[in-house]
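A structural walkthrough
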Amino acid sequence: MKKFREFLSIGHFPSLVSSFLYFDFSFMVWMLLAALGVFISEEFKLGPAQKGMLVSVPLLGGTLLRIPMGLLSDRYGSKIVGLCGMGVTMLTLLLGWKFAHTLPEVVLVGLLLGTAGASFAVALPLASRWYPKEYQGLVMGIAGAGNSGSVIATFFAPDLARNFGWHAVFGLALIPLAFAFVFFLFFAKDCPGTISKKPLKQYLVPIKSRDALFFCLLYSVTFGGFVGIASFLPIFFHDQYGVDKVTTGFYTSYCILGASLVRPIGGYLSDKFGGVTVLLGVFAGVASCLIAVSWLPSVGIILPTFITLMIFLGLGNGSVFQLVPLRFSKEIGIITGFIGAFGGLGGFFVPNLLGSLKAISGTFSVGFVVLSVVVALSAFLLFLMNTYVWEKNRKNESLELESA
């Protein structure tokens with residue numbers, strides 16, 4: 001309790017809540033196309049590979065926009081960039097509601113929904129800048145738990161689409177996003193002294209570092225795996241097990257909920273035991289679950305397996321972003337955007353991979369086996385990086401301190 005009171009006494013708690021709400025409802029919007037994927041695929045009579053492409057389009061849009069929005073957040077502050085981002089997202093929802101009547105128009109709306117996905121590169125730096133390093137795992141976990149917005153999308157959108165049509169869901173999504181906009185307008189505040197008008201080239205220097213590129217790999221596995229699998233689950237349950245369209249949303253929500261809730265726990269555990277240690281355990285759990293899923297057991301078995309898989313990925317998301325502010329505290333906006341972009345890129349490839357390999361092989365098993373191999377290789381690279389690079393750097397820093 002004392003620790004909690006201490007936490008509330010530092011930083012800026014209203015900005016932390018603002019960050020969470022902005023990211024939460026933006027993530028909800030970002031996942032709408034995935035939640036409505038079965039309805040839209042049925043209307044346009046799409047094949048497996050086309051379905052994978054459809055639900056991955058918003059992920060690609062988020063990938064393209066996260067870096068520029070992160071840079072703008074560093075240069076002009078998260079508040080103004082966040083308000084502009086929500087404004088663009090609300091216009092996109094209006095387009096989806098009133099004008100998306102052909103497949104190319106739906107794809108265009110999906111790309112523009114990437115603005116909502118790019119909120120990650122604005123919301124997390126807003127929260128991070130207010131807090132000291134010993135709280136970075138917890139703070140980034142709380143703000144990052146906004147990916148729970150995906151639960152709102154998958155739980156409510158299919159039932160609303162059945163009753164009012166899938167176009168109307170875009171219009172209804174305007175209501176919670178408008179609430180987040182107003183809350184953010186009045187309560188979000190940029191940390192004083194954190195806005196820098198450096199030349200553009202100086203902002204881009206950190207992303208060239210080896211550590212930044214390696215964090216991109218890690219996040220493309222944890223967050224890319226989370227958002228990519230979450231996007232594909234409604235189609236997977238419908239096509240593989242014949243689950244009805246509304247129930248696919250419920251099943252997907254069950255899988256996502258745990259992952260969203262444990263992200264702060266992943267950050268907290270990483271603060272306590274180290275991000276690398278937690279991530280190695282996460283990767284082992286993820287690879288094991290993917291192998292189990294590849295057997296395509298009954299729904300009664302595969303559903304809890306997916307839930308466990310997504311919990312591991314949620315812990316991993318918190319662990320990666322416990323490490324990031326420790327290494328790049330002064331460039332957190334552009335770095336968050338850069339790493340987040342690769343997370344979105346990983347998410348873009350996952351449903352495309354699963355859909356394409358299903359079309360080629362006739363089974364989803366192959367795709368899940370390939371994903372498990374990617375995770376195992378990432379764990380091996382993390383072990384090597386920590387053992388032969390980061391550990392050596394820590395020893396050198398210790399020697400420098402002793403000689404000083």
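In this text, all values refer to a predicted model and were calculated from it rather than measured experimentally.

Scanning the protein chain from N- to C-terminus turns up 20 helices and zero strands. Its C-alpha radius of gyration of 20 Å places the protein chain within 12% of the 22 Å reference for a compact globule of 404 residues. Structurally, the protein chain occupies a C-alpha span of about 70 × 45 × 45 Å along its principal axes. Of all 404 residues assigned to the protein chain, the portion counted as buried reaches 57%. At a minimum sequence separation of 6, the contacts of the protein chain that also span at least 24 residues come to 86%. Accessible area for the protein chain stands at about 16200 Å²; split by element, carbon and sulfur atoms hold 70% of it. Separation between the mean location of the 27 positive side-chain charges and that of the 18 negative ones in the protein chain comes to 4 Å.

Right, let's talk about the nonpolar core for a bit. In this structure, Phe236, Phe237 and Phe306 are the most contacted members of the largest nonpolar core, which totals 124 residues. A total of 17 residues in this core trace back to one element, the largest contributor, which is helix α15 (residues 210–241). Each residue touching Phe306, except ones within four places of it in the same chain, is listed here: Ile229, Leu233, Phe236, Phe237, Cys255, Val293 and Phe368.

Take Ser270: it is sitting in helix α16 (residues 245–273). Excluding residues that lie within four positions of it along the chain, Ser270 makes contacts with Gly275, Val278, Ser319 and Gln322.

So, on to the packing of aromatic side chains. Under the criterion given, the structure shown has 29 aromatic pairs. On the basis of an interplanar angle of 85° and a centroid distance of 5.6 Å, the ring pair of Phe236 and Phe368 is categorised as edge-to-face. Highlighted residues: Phe236 in helix α15 and Phe368 in helix α20 (residues 365–403), separated in sequence by 132 residues. Among the aromatic residues, those joined into a cluster by ring pairs are Phe232, Phe236, Phe237, Tyr241, Tyr251, Tyr254, Phe306, Phe364 and Phe368. Above the face of the Phe273 ring, Lys272 is positioned so that its terminal group lies 5.9 Å from the ring centre. Across the ring face of Phe364, the terminal group of Lys358 is positioned such that the distance to the ring centre comes to 5.2 Å.

Compared with the 28 Å implied by 1.5 Å per residue over 20 residues, the 28 Å span of helix α17 (residues 275–294) between its first and last C-alpha is a close match. Note on α17: the residue one or two positions beyond its end, Leu296, has a positive phi of about 50°.

On inspection of all chains with the given rule, the structure shows four salt bridges. The residue Lys245 makes a salt bridge to Glu42 at a minimum N-O spacing of 2.9 Å. Here the residue Lys245 occupies a position in helix α16, and Glu42 occupies one in helix α4 (residues 37–44), the gap between them amounting to 203 residues. A relative accessible area of 24% places Lys245 in the partly exposed class.

This part takes up helix α9 (residues 120–128). Side chains three or four residues apart in an α-helix point the same way, a direct result of the helix having 3.6 residues per turn. Most of α9 is tucked away: nine of the nine residues are buried. By the burial criterion, the buried members of α9 are Phe120, Ala121, Val122, Ala123, Leu124, Pro125, Leu126, Ala127 and Ser128.

This part takes up the environment of Leu353. Along the polypeptide, Leu353 turns up in helix α19 (residues 332–361). Given a relative accessible area of 26%, Leu353 falls into the partly exposed group. With 301 residues separating them along the chain, Leu353 and Gly52 place their C-alpha atoms 7.7 Å apart. If sequence neighbours within four positions are ignored, Leu353 has contacts with Gly367, Val370 and Leu371.

Let's shift gears to the packing of helix α2 (residues 13–30) against helix α11 (residues 149–164). With their axes 6 Å apart at the nearest point, α2 and α11 run at an angle of 40° to one another. It follows that α2 is oblique to α11 by the angle criterion. In this structure, the crossing between α2 and α11 has a hand that is right-handed. Facing Asp24, Phe25, Phe27 and Met28 of α2, the residues of α11 in contact are Gly149, Ser150, Ile152 and Ala153. Broken down by class, the residue content of the contact of α2 with α11 amounts to five nonpolar, two polar and one charged.

Rules used in this analysis
- Residues numbered from 1 in each chain as written.
- Predicted model: local features only at pLDDT ≥ 70, side-chain atom pairs only at ≥ 80, totals over all residues.
- Heavy atoms only, no water.
- Helix = DSSP H or I, 4+ residues; strand = E, 2+ residues; numbered from the N terminus.
- Rg over C-alpha atoms; globule rule 2.2 N^0.38 Å.
- Buried < 20%, exposed > 50% of the residue type's maximum accessible area, 1.4 Å probe, protein only.
- Contact = heavy atoms within 4.5 Å.
- Areas by Shrake-Rupley, 256 points an atom, 1.4 Å probe, with all protein chains shown as cover.
- Lys, Arg positive; Asp, Glu negative; His and termini not counted.
- Charge placed at Lys NZ, Arg CZ, Asp CG, Glu CD.
- Core = buried A, V, L, I, M, F, W, Y, C linked by side-chain atoms within 4.5 Å.
- Phe/Tyr/Trp six-rings, centres within 6.5 Å; stacked < 30°, edge-to-face > 60°.
- Lys NZ or Arg CZ within 6 Å of the ring centre and 35° of its normal.
- Expected span 1.5 Å × (residues − 1).
- Salt bridge = Lys/Arg side-chain N within 4 Å of Asp/Glu carboxyl O.
- Axes fitted to C-alpha atoms, helices over the stretch in contact; angles between N-to-C directions.
- Parallel < 35°, antiparallel > 145°, perpendicular 65-115°, else oblique.
- Left-handed = near helix turned anticlockwise from the far one by under 90°.
- Nonpolar A, V, L, I, M, F, W, Y, C, P; charged D, E, K, R; others polar.

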